Every structure is written in C-alpha cells, then in structure tokens.
Amino acid sequence: MREFLANPTVYSVLHLIFLFFLYSLIGWAAEVAFAAVTTRQIVNRGFLNGPICPIYGVGMSLMILILGQFSTPAPGQEHPWYVNVIAVFFGGMIITTLVELVAGYILYKAFHTRWWDYSMYKGNLGGYICPQFSLLWGVGSVVLMLVIHPLINRPTGHIPAWILLITDAILLVLFAVDLAASVMEAVGLSRHLSRIDEMRAELRRTSDALTDAIGGSAMTIDTLLDEHRLQLMLGAMEGRDNAAEWRAQLTDLSARAKDLRAATKQMERQRYLGTGRLLRAFPNMVPDRHEAMDTLRDALNRLADAARQAVADNVEDWKENHK
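About the thresholds
Each chain carries its own residue numbering, running from 1 in the written order of its sequence. Local features are withheld for residues below a pLDDT of 70 in this predicted model, meaning they are given only at 70 or higher, and side-chain atom pairs are given and counted only at 80 or more; totals for whole chains, interfaces and linings count all residues. Derived side-chain values reflect all non-hydrogen atoms in the structure, with water molecules and hydrogen atoms excluded from consideration. Only DSSP runs of H or I reaching four residues or more are called helices, and only runs of E reaching two or more are called strands; each is numbered from the N terminus. Each residue's exposure class comes from its accessible area (1.4 Å probe, protein chains only) as a fraction of the maximum for that residue type: buried when under 20%, exposed when over 50%, partly exposed otherwise. Methods summary: accessible areas were calculated by the Shrake-Rupley approach with a probe of 1.4 Å, and residue burial reflects only the protein chains presented. In this analysis, the expected span of each helix is defined as 1.5 Å times one less than the number of residues it contains. Fitting one axis to the seven residues ending at a residue and another to the seven starting there, the bend at that residue is the angle between the two axes. Residue contacts are defined here by distance: any two heavy atoms, one from each residue, within 4.5 Å place the two residues in contact. Stacked, edge-to-face and tilted are the three classes for Phe, Tyr and Trp ring pairs, Trp counted by its six-membered ring, which pair at centre distances within 6.5 Å; planes under 30 degrees apart are stacked, over 60 edge-to-face, the rest tilted. Lysine and arginine charges are scored as sitting over a ring when NZ or CZ, respectively, is within 6 Å of the ring centre and within 35 degrees of the ring normal. Polar contact is defined as a pair of N or O atoms within 3.5 Å, subject to the rule that within protein one atom must be able to donate a hydrogen and the other to accept it, and that residues adjacent in sequence are counted only when both atoms are side-chain atoms. Every axis corresponds to a line fitted to the C-alpha atoms, with the helix fit spanning only the stretch in contact, and the corresponding angles, defined between N-to-C directions, vary from 0 to 180 degrees. Here the word oblique covers every angle except those under 35 degrees (roughly parallel), over 145 (roughly antiparallel) and from 65 to 115 (roughly perpendicular). A crossing counts as left-handed when the near helix is turned anticlockwise from the far one by less than a right angle, and as right-handed when that turn is clockwise. For this classification, Asp, Glu, Lys and Arg are treated as charged, while Ala, Val, Leu, Ile, Met, Phe, Trp, Tyr, Cys and Pro are nonpolar and the rest, including Gly, are polar. Side-chain atoms within 4.5 Å are what join buried Ala, Val, Leu, Ile, Met, Phe, Trp, Tyr and Cys residues into a set we call a nonpolar core.

Chemist: Describe the overall build of the protein chain, and please don't skip the residues or the numbers.
Modeler: Of the regular secondary structure elements, the protein chain holds 11 helices and 2 strands. Put simply, the protein chain runs from its N terminus to its C terminus through helices and strands in the order α-α-α-α-β-α-α-α-α-α-α-β-α. Counting the 323 residues in the protein chain, one finds 37% classified as buried. Surface summary for the protein chain: the accessible area is close to 18,700 Å², and the carbon and sulfur share equals 63%.

Below is the structure:
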C-alpha cells in the first residue's frame, strides 16, 4: 500500500479528486451567494442535496489537466503573464462552455427539463449556453486558474496520500448516495408534473362534456377541492342520463385532486430536501410540461401565501391575547 500511495501518478489522481470536491463546494458557495444577493434568500442552488455543484468541479478539473501549465508551471516552463491570461481566458471559456452544454443536454434528455435556460439571450444554443455567459466563464477561469488555484494547489499538494485516499473515499460514497437521492427527487418531480398534465387533460374533457350536459362554467381543480361546489354539481346531475357514471367520474377526479393537493403541500414544506428543494434551486427550469409546471408553481405560491398569512394571523392573535 505504501508503494502504491508513493506513486506520483496515484497521488496526482487522489489530489485531483480532492480538488474536484473542493471546487464543487466553492462553486456551490458562489451560486448560493449570488442567489442571496439577487433574491435576498438563502437557497441551495445545486442539483444535489449536499453543498456541492459538480459542474464546477468538472470544469475546474478539466482546466487543471489542460491548462495547468499556465497556472502552476514547472520550473523553467514559465510563460509571460499575458500569455497565461490569454490562454486561460479562451481555453477556460471553451472548456466551461462545453461542460455546461453537455451537462445541460444530458439533464434534459434524462428528465425532459432544462434546468437553466438562456433562451432570452442573443446567440444562445438551445437555451443551454450563450455568448454572454461564455465570456463570463472566461473571466472566471482567469480568476480561478491564475489567482485562486495557485493559492489552493500549494497547501493541498502537501496533504499526505493516505489522508487524501480516506477523504476521497468518504466523499465519493457520500456523492454517490446524494446523486441517487437527487435523481429520485427529479424523477418524482417529473411524475408529479405528469399527474398534473393528466388531470388537466381529463378535467378539460369532463368539463366540456358537463357544460354540454348541465351547463355552467368550466371546471377546475379548485372546483373538485371545494366540497360545496362539488355537491352542487353532483346534485345538478340527478335525473339525467348517465348520472351514476358522471357521479363516479367526478368522485374519482375529486379524490385524485386531493392527492395532488396533498403532494403539492408536502413539496411546499420541502425547503432543504426533496422535490420542493429542487424547485427552489432551479426557479427558471423549463420542463417539456411547462403548463403543468405553471400550475404547480401557482399552487405552491398560493400555499406559501396562505402559510405566511396564517403566521401573521397567529402573531396578531398573540398580541391581542397579551395586551
């Protein structure tokens, strides 16, 4: 084992894995800080539940492998500073843009969702990448590779190999568990949107048929959740053809609507784990089922408003009782 860990190549791999997690953490912190400044909210902005954004770790790992000679050159292989800046700017811009493009495409194919969307920017490619952010990544690459990385690389390069091995093993296990859990959350979100889409389609069909049969306005999920309105609708069907069939169908729709509402309420409470956290982490995600997403976001906003109002009412009641 000692001979294995003493191998320079093995040490380089262990060190690179450690740097991958370290820069994933730094990228996550930058995303959280940016969100805190722009939205005034502390939100976990990563796909994973843990405090890492792997896309940053992948980008930095590739830049270290490809552009490392411009950041921490070997003795006698130093380049003029302007060569370093130009090479890292354009090289970093290309690498990070490709990483963002590939990651966005894979996530879209896996979950039929664009987790970030640059469609509003000129020159974008499929909403995955755009020239404006590519230039920003180029500037960020210069700062990271020429300023931050040399400061990090020196001290971490002296960590004993056996410590790196243990640390990397623990982090890889935690990463695998977190990745599996996050994938399940994303699949759960996709299934929830699918249920909303199915409910919307069935509601349209049933509402159109009921309007022809008994008149009245279009039926919504809120209609099914309002027991009084539902009973009025069921009462209006008495004595009509297929009344029993309509009653069974509406009762079934009402039960499914209540299940959807319960699942949505659970999402609203998931601020740090679960599918609800994913929605907060990617507020601009664009799924193929965008109408279902709009419906879900409206429902979540209403639930959040109701929760805030309930808290405000409780505070007022407490003040009244303690005058």
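The rest of the description comes next.
Chemist: Account for helix H3 (residues 54-71), with residues named and values stated.
Modeler: Helix length check: H3 (18 residues) gives 21 Å between terminal C-alpha atoms against 26 Å at 1.5 Å per residue, more than 12% under. The axis of H3 is deflected most strongly, by about 60 degrees, at Leu65. Buried within H3 we find Gly57, Gly59, Met60, Ser61, Met63, Ile64, Leu67, Gly68, Phe70 and Ser71. For H3, the secondary structure elements touched by its buried residues are helix H2 (8-39), helix H4 (81-111) and helix H5 (131-156).

Chemist: Provide a residue-level description of the packing of aromatic side chains, including the pertinent values.
Modeler: Within this structure, the stated rule accounts for 14 aromatic pairs. Residues Tyr108 and Tyr128 carry aromatic rings whose centres are separated by 6.5 Å and whose planes lie at 65 degrees to one another, so their mutual orientation is edge-to-face. Here the residue Tyr108 occupies a position in helix H4, and Tyr128 occupies one in the loop between strand S1 (113-114) and H5, the gap between them amounting to 20 residues. In this structure Tyr108 comes out as buried when scored by relative accessible area, which is 16%. By way of ring pairs, the aromatic residues Phe47, Phe111, Trp115 and Phe282 are connected into one cluster. Its guanidinium or amino end placed over the ring of Tyr108, Arg114 lies 4.8 Å from that ring's centre, counting from NZ or CZ.

Chemist: Could you give me a rundown of the side chain of Ser141, with the residues and numbers involved?
Modeler: By the element assignment, Ser141 lies in helix H5. A distance of 2.7 Å separates the side chain of Ser141 from the backbone oxygen of Trp137, its partner in a polar contact. Once residues within four sequence positions are removed from consideration, Ser141 is found in contact with Met63, Val88, Gly92, Met93, Thr96 and Leu146.

Chemist: Which residues make up the packing of H4 against H5, and what values do they have?
Modeler: For the pair H4 and H5, the least separation of the axes is 7 Å and the interaxial angle reads 120 degrees. As summarised for this structure, H4 and H5 are arranged oblique, according to the angle between their axes. As H4 runs across H5, the sense of the crossing is right-handed. Contact residues: Asn84, Val85, Val88, Phe89, Gly92, Met93, Thr96, Thr97 and Glu100 in H4; Ser134, Leu135, Trp137, Gly138, Val139, Ser141, Val142, Met145 and Leu146 in H5.

Chemist: A description of the packing of H3 against H4 should follow, citing residues and the corresponding values.
Modeler: To characterise two packed helices, one gives the angle between the axes of the helices and the distance between these axes. Contact geometry for H3 and H4: axes closest at 9 Å, N-to-C directions at 150 degrees. Taken together, the axis directions place H3 and H4 in an arrangement best described as roughly antiparallel. Here the hand of the crossing between H3 and H4 comes out right-handed. Residues Ile55, Val58, Gly59, Leu62, Met63, Ile66, Leu67 and Phe70 of H3 form the contact with H4, whose own contacting residues are Val83, Asn84, Ala87, Val88, Gly91, Gly92, Ile95, Thr96, Val99, Glu100 and Ala103. Looking at the contact of H3 with H4 residue by residue, the class counts come to 13 nonpolar, 5 polar and 1 charged.

Chemist: An account of the environment of Ile159 is needed here, citing residue identities and associated values.
Modeler: Note on placement: Ile159 falls in the loop between H5 and helix H6 (161-214). As for Ile159 and His15, which are separated by 144 residues in sequence, their C-alpha atoms are 8.5 Å apart. In this view, Ile159 contacts Tyr11, Phe18 and Leu164; residues no more than four positions away in its chain are not counted.

Chemist: I'd like a description of H2, backed by residues and values.
Modeler: With 32 residues, H2 ought to run about 46 Å at 1.5 Å a step, and its terminal C-alpha atoms sit 46 Å apart, in line with that. Arg40 sits one or two positions beyond H2 and adopts a positive phi of about 60 degrees.

Chemist: Describe the nonpolar core, with residues and values.
Modeler: Ranked by size, the top nonpolar core spans 28 residues in total, and within it Phe47, Trp115 and Leu296 carry the most contacts. Among the elements of the structure, H2, H4, H6, helix H9 (243-269), helix H10 (275-281) and helix H11 (290-321) are those that each provide at least two residues to this core. For this core, the leading source of residues is H6, giving 5 residues. What Phe47 contacts, discounting residues up to four positions off in sequence, is Leu107, Phe111, Trp115, Ser182, Val183, Ala186, Arg277, Leu278 and Phe282.

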